[in-house]
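Structure at a glance
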Amino acid sequence: AMPRKDIAAWNALISAFEQNGKPKEALAVFRELQLSKDAKPDEVTLVCALSASAQLGAMDLGRWIDVYIKKHGIKLNCHLTTSLINMYAKCGDLKKALEVFYSVERKDVFVWSATIAGLAMHGHGRAALDLFSKMLEARVKPNAVTFTNVLCACSHTGLVNEGQRLFYQMEPVYGVVPGEKHYACMVDILGRSGRLQESVKLIEKMPILPTASVWGALLGACRLHGNIELAEQACSRLLELDPRNHGAYVLLSNIYAKTGKWNRVSGLRKIMRDFGLKKEPGCSSIEVNGIVHEFLVGDNSHKLSKEIYSKLDEIAAKLKSVGYVPNKSHLLQLVE
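Structure report, in brief. (Residues numbered from 1 in each chain as written. Predicted model: local features only at pLDDT ≥ 70, side-chain atom pairs only at ≥ 80, totals over all residues. Heavy atoms only, no water.)

1. Overview of the pairing of strand 2 (residues 291-296)
Here strand 1 (residues 283-288) pairs with strand 2 via six bridges, running antiparallel. Across the sheet, the residue bridging to I286 is H293, located in strand 2. From the end of strand 1 to the start of strand 2, which pair antiparallel, there are two residues, and N289 there has a positive phi angle of about 50°. (Pairing = 2+ DSSP bridges. Helix = DSSP H or I, 4+ residues; strand = E, 2+ residues; numbered from the N terminus.)

Here it is in structure tokens:
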């Protein structure tokens, strides 16, 4: 309805979509801006579009923005650098993310933190810790985000002792008070390595009230190690904080299914039905020629669904012929 739309108005709309988990809509508005003659994208627009591309895994568009920045001689400030690193890392191109990191002279705490996060999500825990050490050498003070990323790196690669050391150094050495995310990471680090009782002790000693993410981390660890008794306690505490958390029911159900307790699985399914809770369906996406295609379980809305399912049948037959047996531990009912 605006008679004239300046770049601030476009940016407000793009960022509103991007920050509310609607990356597709954000990119649609971004494309509309490119076609309009009203305004030209600025640094803020590009940061929002890169963030939306990262959420969606839209690497082609992310690359296009990278080229656009170079072509128009836009100076890479720390916000743009962080967004580019984040986009490449989340879209799967860690090599390119590191290229961007090493190509810039000025690196603030967010640029370092985004690169540490990229290494962590690709399973390079040691490299993430090495980069953290280089960050300290460069006299850049780590913040709460940095520590979340470093602890995630330790969690994903089983670096328990390193994670503990950094966690207990946070406040006395770096002046960063551990928050709920740091405690959740620490519970995850201990839990994944099978040290479930240590995880429980850490939760009991927390100076802040344990949040849903902390109990969720413990519940995930219980699923990994098949500890039913502790899983039930964690699930109960998690549901006290977040009664409509379908993930808690699904995780506990997985644990029951893994140990063959199908009567308990059906009991949980009944509770979910009574509460009107549904397991959120998993969604996969792939970008082909700049278009993002999304797929849900049992979905046949894609125009090439016949060909897709035919190819899936062909792959399944090949897998069976070489002796593949599906892992059924995540099913919510006894399929036999």
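2. Digging into helix 6 (residues 94-103)
Every buried residue belonging to helix 6 is among L94, A97, V100 and F101, and all of these are buried. An end-on view of helix 6 places all buried positions within 120° of arc, on one side of the element. Among the exposed residues of helix 6, those oriented more than 90 degrees off its buried face are K95, Y102 and S103. On its buried face, helix 6 sits against helix 5 (78-90), helix 7 (109-121) and helix 8 (125-137). (Buried < 20%, exposed > 50% of the residue type's maximum accessible area, 1.4 Å probe, protein only. Arc of directions from axis to C-beta. Contact = heavy atoms within 4.5 Å.)

3. Digging into the packing of helix 2 (residues 23-35) against helix 4 (residues 59-71)
As a packed pair, helix 2 and helix 4 sit with axes 13 Å apart at the nearest point and diverge in direction by 40°. With respect to each other, helix 2 and helix 4 are oriented oblique. Crossing hand, helix 2 versus helix 4: left-handed. In this structure, helix 2 contributes L27, F30, R31 and Q34 to the contact, and helix 4 contributes L61, W64 and I65. When its residues are assigned to classes, the contact of helix 2 with helix 4 shows five nonpolar, one polar and one charged. (Axes fitted to C-alpha atoms, helices over the stretch in contact; angles between N-to-C directions. Parallel < 35°, antiparallel > 145°, perpendicular 65-115°, else oblique. Left-handed = near helix turned anticlockwise from the far one by under 90°. Nonpolar A, V, L, I, M, F, W, Y, C, P; charged D, E, K, R; others polar.)

4. Notes on the side chain of Q164
Structurally, Q164 is set in helix 10 (residues 160-174). Other than its neighbours up to four places away in sequence, Q164 contacts M186, L190, R195 and E198.

5. Points about the side chain of H182
Mapped onto the secondary structure, H182 falls in helix 11 (residues 180-192). Exposure remark for H182: the relative accessible area of 4% places this residue in the buried category. Here G179 takes part through its backbone nitrogen, which lies 2.8 Å from a polar atom of the side chain of H182. With near-sequence residues (within four places) excluded, H182 lies in contact with A144, F147, T148, L151, F167, M170 and V177. (Polar contact = N/O pair within 3.5 Å; in protein donor to acceptor, adjacent residues only side chain to side chain.)

6. Digging into the packing of aromatic side chains
Scanning the model with the defined rule gives nine aromatic pairs in all. Where F101 meets Y102, the ring centres are 4.9 Å apart and the plane angle is 80°; that geometry is what we call edge-to-face. A residue is classified by how much of its surface remains accessible, and F101, at 1% relative accessible area, is buried. Here Y102 falls in the exposed class, since its relative accessible area comes to 53%. Considering the side-chain rings of F167 and Y168, the 5.1 Å spacing of their centres and the 80° angle between planes classify their relative orientation as edge-to-face. Taking relative accessible area as the criterion, F167 reaches 4% and is therefore assigned buried. Feature note: the residues F30, W64 and Y68 constitute an aromatic cluster, connected by ring pairs. (Phe/Tyr/Trp six-rings, centres within 6.5 Å; stacked < 30°, edge-to-face > 60°.)

7. Brief notes about a nonpolar patch on the surface
A contiguous nonpolar surface patch, about 450 Å² in accessible area, is contributed by Y309, L312, I315, L319 and Y324. In this structure, L312 sits in helix 17 (residues 305-321). (Patch = residues over 30% accessible without salt bridge, like charges linked within 9 Å, V, L, I, M, F, W, Y side chains within 5 Å. Areas by Shrake-Rupley, 256 points an atom, 1.4 Å probe, with all protein chains shown as cover. Salt bridge = Lys/Arg side-chain N within 4 Å of Asp/Glu carboxyl O.)

8. A few points about the environment of D6
By the element assignment, D6 lies in the segment before helix 1 (7-19). When its relative accessible area of 33% is taken as the criterion, D6 is described as partly exposed. As a C-alpha pair, D6 and V29 span 23 residues in sequence and 14 Å in three-dimensional space. Only 3.1 Å separates the side chain of D6 from the backbone nitrogen of A9, close enough to count as a polar contact.

9. Remarks on the environment of P243
You can see P243 is positioned in the loop between helix 14 (228-241) and helix 15 (246-258). Since its relative accessible area comes to 49%, P243 is described here as partly exposed. As for P243 and K70, which are separated by 173 residues in sequence, their C-alpha atoms are 49 Å apart. Setting aside residues up to four positions removed in sequence, P243 forms contacts with Y249 and L277.

10. Here we look at the pattern of salt bridges
Summed over the entire model, instances satisfying the criterion amount to 11 salt bridges. Note that E314 is salt-bridged to K318, the shortest N-O span being 3.8 Å. Pair noted here: E314 and K318 are both in helix 17, with a separation of four residues, about one helical turn. Connected through shared salt-bridge partners, K311, E314 and K318 make up one network.

11. Considering the nonpolar core
Counting 98 residues, the largest nonpolar core has L46, I65, F132, L218 and L219 as its most contacted members. In contact with L219, not counting residues within four places along its chain, are A231, A234, C235, L238, A248, L251 and I255. (Core = buried A, V, L, I, M, F, W, Y, C linked by side-chain atoms within 4.5 Å.)

In short, shape yes, function no, at least from these values alone.
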